[in-house]
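# Architecture at a glance
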Amino acid sequence: MVETILITLLIVAISLVLLGVKVFFTKGGKFPNGHVSGNKTLRQKGIGCAQSQDREAQKKPRFSIDELEKALNDSMN
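Residues numbered from 1 in each chain as written. Predicted model: local features only at pLDDT ≥ 70, side-chain atom pairs only at ≥ 80, totals over all residues. Heavy atoms only, no water.

## As for the overall build of the chain
Selection rule: Counting from the N terminus, the helices are the DSSP runs of H or I reaching at least four residues and the strands are the DSSP runs of E reaching at least two. Atoms counted for the radius of gyration: C-alpha only. Globule rule: 2.2 Å times residue count to the power 0.38. Burial status follows relative accessibility: with a 1.4 Å probe on protein chains alone, a residue under 20% of its type maximum counts as buried, one over 50% as exposed, and anything between as partly exposed. Computed by Shrake-Rupley with a 1.4 Å probe, the accessible areas treat only the displayed protein chains as cover when residues are assessed. Think of it this way: Lys and Arg go in the positive column, Asp and Glu in the negative one, and His and the chain ends go nowhere. Note on charges: their place is set at NZ of Lys, CZ of Arg, CG of Asp or CD of Glu.
Each helix and strand in the chain was counted, giving five helices and zero strands. When the helices and strands of the chain are read in sequence order from the N terminus, they spell out α-α-α-α-α. Relative to the globule expectation of 11 Å for 77 residues, the C-alpha radius of gyration of the chain, 26 Å, shows a markedly less compact shape. Considering the chain as a whole, with its 77 residues, one finds that 5% of them fall into the buried category. Entry remark: accessible area of the chain is about 7500 Å², with carbon and sulfur atoms responsible for 62%. Once the 11 positive and 7 negative side-chain charges of the chain are each reduced to a mean point, those two points are 17 Å apart.

Shown next as structure tokens:
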């Protein structure tokens, strides 16, 4: 039982070191951006993640005052 836990911890530690070679052993190293908007090709195609698209949609007003007045006047006539 203890041997299995030690072997598992050793495998996890080795995996973390191998995954972090660029971060741990290069000056100024950092983990790559895994976010959709961090991908240059997807950005060029105008593709973004759902959170970013939702945030952009919430910034836009749903209706302008003029459109709302026009819609109300049209429905009254």
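## Focus: the UniProt feature "transmembrane region" (unreviewed entry) in the chain
This is how it is decided: UniProt positions are given in the numbering used here, feature names are shortened, and annotations may be inferred rather than shown by experiment.
As recorded in UniProt, the feature "transmembrane region" (unreviewed entry) lies at residues 6-25. The distance separating the terminal C-alpha atoms of residues 6-25 is 25 Å; by composition the span is 95% helix and 0% strand.

## Remarks on helix 1 (residues 2-19)
Owing to its 3.6 residues per turn, the α-helix brings residues three or four apart onto one side. For clarity, the threshold we go by: Expected span of a helix, by definition, is 1.5 Å for each gap between consecutive residues, and there is one gap fewer than residues.
Between its terminal C-alpha atoms helix 1 stretches 26 Å, which fits the 26 Å expected from 18 residues at 1.5 Å a residue. Burial of helix 1 is sparse: only zero of the 18 residues sit out of reach of the surface.

## A word on the environment of I14
With respect to the helices and strands, I14 occurs in helix 1. For I14, a relative accessible area of 44% corresponds to the partly exposed category. Taking C-alpha positions, I14 is 34 Å from Q51, a pair spaced 37 residues apart along the chain.

## Considerations on a nonpolar patch on the surface
Stated formally: Put simply, a patch holds well-exposed residues, over 30% relative accessible area, that have no salt bridge, with like charges counted together within 9 Å and Val, Leu, Ile, Met, Phe, Trp or Tyr side chains within 5 Å. By definition here, a salt bridge exists when the distance from a side-chain nitrogen of Lys or Arg to a carboxyl oxygen of Asp or Glu is within 4 Å.
Among the surface-exposed residues, L10, I14, V17, L18, V21, F24 and F25 lie close enough to one another that they form a single nonpolar patch of about 720 Å² accessible area. For the nonpolar patch, the secondary structure elements donating two or more residues are helix 1 and helix 2 (21-25). Here the nonpolar patch takes four residues from helix 1, the largest share from any one element. The topology assignment puts F25 in helix 2. Note on F25: relative accessible area 61%, which makes it exposed.

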